[in-house]
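Understanding the architecture of this molecule
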Amino acid sequence: MKNKKFWVALVAGLMAFAMIFSLILSLIPHASAASSSEIQDQIDNMKAQQESIQAQYDSLEQQRSDNLSEIQALVDEKSTLEQQKALLNSEIDLINEQIAAYAVLIADKQAELDEAQALLDELNEKYKDRIRAMEEDGTLSYWDVLFQASSFADLLDRLSIVEEIAAADQRRLDELSAAAEVVAQAQELLQQELEALQQTRQELDDKQAQVEEKTAEVKAIMVELSARGDEYDALIDAGELELAQLEENIAQAELDLDEAERQEYLEYIATLTVATTAPPTTAPTTAATTEATTAATTEATSVTEEETEGTTTATGSAGGSGGSASTDDDGIVWLVPCDYIKVSSAFGWRIHPVYGDWRFHAGVDLAAYCPTEIIATRAGVVVTSTYSSTAGYYVVIDHLDGYKSTYMHMCKFPDVQVGDVVAAGQVIGCVGSTGTSTGDHLHFGISYNGTAVNPMDYIG
């Protein structure tokens, strides 16, 4: 009954794994074409299935652990039985040696008894023959002894001799009889001890048979438990594969979710670009949408003086060609935003060229002639396109992966508007010296998750 329950549970587990796996596979092909909400539902379902499989996996692990504990207990029991069996074998060997020794002793006593009995029989027969001869032949009788005596003293001597001979014969017979009796008693005692040893031997044989039977049962159970352990291992391996596949599918679905949200957001931005006078009344509820909408509807007045310092008099590195590309450590391609003569002011702390104080420069100043074209360093969505007294005409592009790029001091109002989706290399304006600036240049900045980073690490 116990084995039947186990196999039923085993088959049920396999069926459950197969059903879940087939369900997962049925979800995967549609993930790339599904909406973000549908993909999120699929992710939630897969995570629920992951929890269910994990619970089954944990249960199998516990059952396997219990099974190993049972096997270990049986191994210990088998070891004890083997020790008992070895001890019984030693006792049986000792009993066999004793039985053999007693058999020899009994045989020896039997030989002594036979010899004594033969001698007794021989003497008894001789005694009888002598008496019978004396009576039949008459060669010697009591009358002969009495009448042949020469005197009374001789008569007494003759009578004494006759009595001594008779007494000697009788004593001899009695001694032989007593010796034979002693031998017989010894033989009987040995026989009793032999029978006791044989009884002990039989009891040891019975006990040995019981130990061997128990050992066979333990071995059979161990074989069964080992087979069960193999089944547990197979199920656990299957569970690990299921969990690994689920993790991979969830990770892929989350990537698909990010891509779907991005595409939905880009589609929404596209509607804003096509119909700027009549934006849609609803928008996808994503974090990126909220950020873009806020940026598109709020005047960009947060540019500080620390972000705007151009100078044609500061020293810097040699210039570069606009449009040339560099690839960062993540494999992202960044274009040089314009043809420039040199880097007139580097990224980091410096003395401000206008105010003369020590402050942080959150970008690089690329000295160039007006009106050199400025291009988008990467594709993205325009989230700021306006004028500031410090930054002049400037543009901020959100690249939708945590990165934003900033282009300041343009010569005129930018060529792009908030909500425009721009391609890498697309012209967005021209180099100028608007705002707080001492000469024609492009202040170019890059931020990652709101933190300014050195642009030269990206455009090289």
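Anyway, here's the lowdown on the structure attached to this text. (Residues numbered from 1 in each chain as written. Predicted model: local features only at pLDDT ≥ 70, side-chain atom pairs only at ≥ 80, totals over all residues. Heavy atoms only, no water.)

1. A closer look at the overall build of the protein
Looking only at helices and strands, the protein features six helices and 15 strands. The proportion of buried residues among the 460 residues of the protein is 34%. Counting contacts in the protein only where the partners sit at least 6 residues apart, residues at least 24 apart contribute 70% of the total. Element-wise, carbon and sulfur atoms account for 55% of the exposed surface of the protein, whose accessible area totals about 25700 Å². (Helix = DSSP H or I, 4+ residues; strand = E, 2+ residues; numbered from the N terminus. Buried < 20%, exposed > 50% of the residue type's maximum accessible area, 1.4 Å probe, protein only. Contact = heavy atoms within 4.5 Å. Areas by Shrake-Rupley, 256 points an atom, 1.4 Å probe, with all protein chains shown as cover.)

2. Some thoughts on the environment of lysine 214
Mapped onto the elements of the fold, lysine 214 is located in helix H4 (residues 152–274). Using a relative accessible area of 36% as the deciding quantity, one classes lysine 214 as partly exposed. Distance in space between the C-alpha atoms of lysine 214 and leucine 81 is 7.8 Å, their sequence separation being 133 residues. The residues contacting lysine 214, other than those within four sequence positions of it, are Glu77 and Leu81.

3. Section: the pattern of salt bridges
In total, this model carries nine salt bridges according to the counting rule given. Put simply, arginine 378 and aspartate 401 hold a salt bridge, and the shortest N to O gap is 2.8 Å. With arginine 378 in the loop between strand S8 (373–375) and strand S9 (380–388) and aspartate 401 in the loop between strand S10 (392–398) and strand S11 (403–410), this pair connects stretches of sequence that are 23 residues apart. Given the relative accessible area of 11%, arginine 378 is considered buried. Each of the salt bridges in this network shares a partner with another, and the network as a whole consists of Glu61, Arg64 and Asp233. (Salt bridge = Lys/Arg side-chain N within 4 Å of Asp/Glu carboxyl O.)

4. Quick notes on the packing of aromatic side chains
Tallying each qualifying case throughout the model produces ten aromatic pairs. Ring geometry for tryptophan 349 versus tryptophan 358: centroids 6.5 Å apart, planes at 5°, classification stacked. Here tryptophan 349 and tryptophan 358 have matching classes, each one exposed. Taken together through their ring pairs, the aromatic side chains of Trp334, Tyr403, Tyr448 and Tyr458 make up a single cluster. Its guanidinium or amino end placed over the ring of tryptophan 334, arginine 378 lies 4.9 Å from that ring's centre, counting from NZ or CZ. (Phe/Tyr/Trp six-rings, centres within 6.5 Å; stacked < 30°, edge-to-face > 60°. Lys NZ or Arg CZ within 6 Å of the ring centre and 35° of its normal.)

5. Here we look at the pairing of strand S14 (residues 441–448)
Consecutive side chains along a regular strand alternate between the two faces of the sheet. By the criterion of burial, S14 is predominantly enclosed, with seven of the eight residues buried. With four bridges joining them, strand S7 (residues 364–367) and S14 adopt antiparallel strand pairing. Bridging across to S14, alanine 367 finds its partner in histidine 441. Pairing between S11 and S14: six bridges, direction antiparallel. When the bridges of S14 are listed, methionine 408 appears paired with histidine 443. As paired elements, S14 and strand S15 (residues 451–453) share three bridges and run antiparallel to each other. Within S15, the position partnered with serine 447 by the bridge is alanine 452. Where S14 hands over to S15, the hairpin turn is made up of two residues, of which asparagine 449 adopts a positive phi near 50°. (Pairing = 2+ DSSP bridges.)

6. Focus: the side chain of arginine 350
If you trace the backbone, arginine 350 turns up in strand S5 (residues 348–351). Within the local environment of arginine 350, its side chain forms a polar contact with the side chain of serine 345, the two groups lying 2.3 Å apart. (Polar contact = N/O pair within 3.5 Å; in protein donor to acceptor, adjacent residues only side chain to side chain.)

7. Notes on the state of the cysteines
Scanning the entire structure with this criterion turns up one disulfide. Paired by a disulfide, cysteine 411 and cysteine 430 hold their sulfur atoms 1.6 Å apart. On the criterion of sequence distance, the pair formed by cysteine 411 in the loop between S11 and strand S12 (421–422) and cysteine 430 in strand S13 (residues 427–430) is long-range, its members being 19 residues apart. Judged by its relative accessible area of 25%, cysteine 411 falls in the partly exposed class. The cysteine cysteine 370 is free of any disulfide, with cysteine 411 supplying the nearest cysteine sulfur at 4.6 Å. Owing to a relative accessible area of 42%, cysteine 370 belongs among the partly exposed residues under this scheme. (Disulfide = S-S within 2.5 Å.)

8. A look at unusual backbone geometry
Among all residues save glycine, negative phi is the norm, and among peptide bonds the norm is trans. In this model, cysteine 370 is joined to proline 371 through a cis peptide bond whose omega is 5°. In this fold, proline 371 is placed in the loop between S7 and S8. Phi is positive for leucine 400, close to 65°, though the residue is something other than glycine. In this fold, leucine 400 is placed in the loop between S10 and S11. For asparagine 449, which is not glycine, the phi torsion reads 50° and is therefore positive.

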